Amino acid sequence: MRDGPGVPDRFASRATIRYPRGRPCPTPRRLLPTPKRSPASILVAVLGFAATIGVGFYAGQWVRDRFFVPSAKLEQGDRYRAELRGDEPQFGPSDALVTVVEYSDFQCPFCAKVTDPLKDAMGAYEGDVRLIFKHYPLPGHNLAPPAAQASWAAHQQGKFWEMHDLLFENQKKLDDKSLEGYAQQLGLDVAKFNADRNSDAAKAAVDSDYVSGGKAGATGTPYFLVNGRPYSGSLPAKQWREIFEYEREQARQIENQGTPRAEVYTAMMKDAKAQRGGGGPGKAPSQRDDGPDPSKTYRVPLDARPQFGPDDALVTIVEFSDFQCPFCKRVNASLADVKQNYPSDVRIVFRQRPLAMHQQARIGARAMLAAHRQGKAWEMHDRLFQSPSDMSEETVKSHAKELGLDVPMFELDLAAAETEQMVKDDEAVANRLKSGGTPSFFINGRFLSGAQPYDAFKTLIEEEKAKAQKLVDEGTPRAQVYEKIMAGAEEKPGK
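Residues numbered from 1 in each chain as written. Predicted model: local features only at pLDDT ≥ 70, side-chain atom pairs only at ≥ 80, totals over all residues. Heavy atoms only, no water.

A. Structural context of unusual backbone geometry. The linkage connecting Thr221 with the following residue, Pro222, adopts the cis geometry, with an omega of -5°. Tracing the chain through its elements places Pro222 in the loop between helix H7 (200-216) and strand E4 (223-226). For Asn227, which is not glycine, the phi dihedral falls at a positive 50°. Among the structural elements, Asn227 can be located in the loop between E4 and strand E5 (229-232). A relative accessible area of 0% means that Asn227 is categorised as buried. In this structure, Ala304 takes a positive phi of about 55° despite not being glycine. Within the element layout of this structure, Ala304 appears in the loop between helix H9 (264-269) and strand E6 (307-308). (Helix = DSSP H or I, 4+ residues; strand = E, 2+ residues; numbered from the N terminus. Buried < 20%, exposed > 50% of the residue type's maximum accessible area, 1.4 Å probe, protein only.)

B. How the structure looks around empty space enclosed by the protein. The final tally for this structure, using the stated rule, is two cavities of 30 Å³ or more. Size it by volume and the largest cavity reaches roughly 50 Å³. What lines the largest cavity is Glu102, Thr115, Leu118, Lys119, Leu131, Trp161 and His164. Secondary structure elements with two or more residues in the lining of the largest cavity: helix H2 (109-123) and helix H4 (160-169). The dominant element in the lining of the largest cavity, judged by the number of residues it contributes, is H2, at three residues. Among the residues making up the lining of the largest cavity, the classes are represented as three nonpolar, two polar and two charged. (1 Å grid on protein atoms, 1.4 Å probe; cavity = no way out; pocket = protein on both sides within 12 Å on 5 of 7 lines; lining within 4 Å. Points joined across faces, edges and corners; volume = space filled by probe spheres on them. Nonpolar A, V, L, I, M, F, W, Y, C, P; charged D, E, K, R; others polar.)

C. Spotlight on the sheet that holds strand E2 (residues 98-104). Reading across from one edge, E1-E3-E2-E4-E5 is the order of the five strands in this open sheet, with mixed pairing throughout. Bordering the open sheet on either side are strand E1 (90-91) and E5, each of which pairs with just one other strand. Judged from the four bridges that link them, E2 and E4 form a sheet pairing that is antiparallel. By the bridge assignment for E4, Val101 is matched with Leu225. Against the sheet, H2 touches E1, E2, strand E3 (129-135) and E4, its axis set at about 160° to E3. The sheet contacts of H7 involve E2, E3 and E4, and relative to E3 the element is tilted by about 110°. (Pairing = 2+ DSSP bridges. Contact = heavy atoms within 4.5 Å. Axes fitted to C-alpha atoms, helices over the stretch in contact; angles between N-to-C directions.)

As structure tokens, this is what we get:
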């Protein structure tokens, strides 16, 4: 090796360093041995690194909650009374200032999703919030009633919340064999568990909860009464904390006026309404027929409703939706992928299913149908889902003006009895098909429930597309494929 001028011999074993001629070399620095670290110093370094990561995590969480999660829409109107037997599973003290009554379905993905944010928020109000769990298995979720009865049976042995967590963690495994396996996993007396979950008492408890939920205003899940005020959907922890804070302050006012802490909830319920919405639920789980079987094909008419896609599509998706349902809004991303990936093979037909719990959803339904008369149904559809919290007549008329519609004609159609009848007809079809809540879909007559990911749609679309193509290959014109499928479809679910 050749060293630059002035480089000491002891550097000869290191990489060659060259310096321009006439330029002095830097004075070489003495190489010091790397000091050995003690186990204690290593531990301190590791803990310091972990602390830095932890601080970063919580800082990120704070930023997300502060700037990206909207504040809760606090309910400030009437309170509603949940019918309680007194033996329901409860988490938190009986003298809590805030009582949350949850109506839930073990087959509902959004019920599973809300469990962690709810626990997180309750942890920040330990001692001040209690959760009472009630069952509301939706029609169409055939495994939800037996799962509810299994959790009731676990409750008889003091293991409700452990079973609750297992059922939500294993929503795709709620068959009879799996339920018994969960009982074994929890160390339950399996013979007693099986006897209890199949008993009339278990069915009566689940039926009682379902009827209670209907009176309280539940039409979908998850649904909550927080000190009697209604909330629905899978809310984030930040919004739950804001709701708890608001209700706790109102409860403290009652306590400060002399009401014992343990009697605050009773005092709040004294003037609460006994029923919300109209008419309560349909048949209780042990009384109703089975909902739609996803493996069967049901007759679903189109009736010239708003359509996206060609008339001769091989696959027809009929959607039942509600413009104020957060899950209906969420599923639009999956449907956008369907539209993009199947432009000529799939059409989507939109039918209205405004739920009673969403007070302005019916106006939205009529607004889309009124816009449909002027060829702007999907443009109105998109505007309504952009601002679901404000769907007054004044707002939808403003949408019509912005979309360039003939506003006087839109107003006439919005108020027309014929438009309202179309909404009622859509509801009647949904009820005949026992499609339950929203959103729900029939893909060439096959049932799919909830805000499913794109892959769930893709699986059914591919199956039905192959069947439809076979009909075409056998001589059925593409434009008559859906009519041909419907000719052999079942009229409604049930025995």
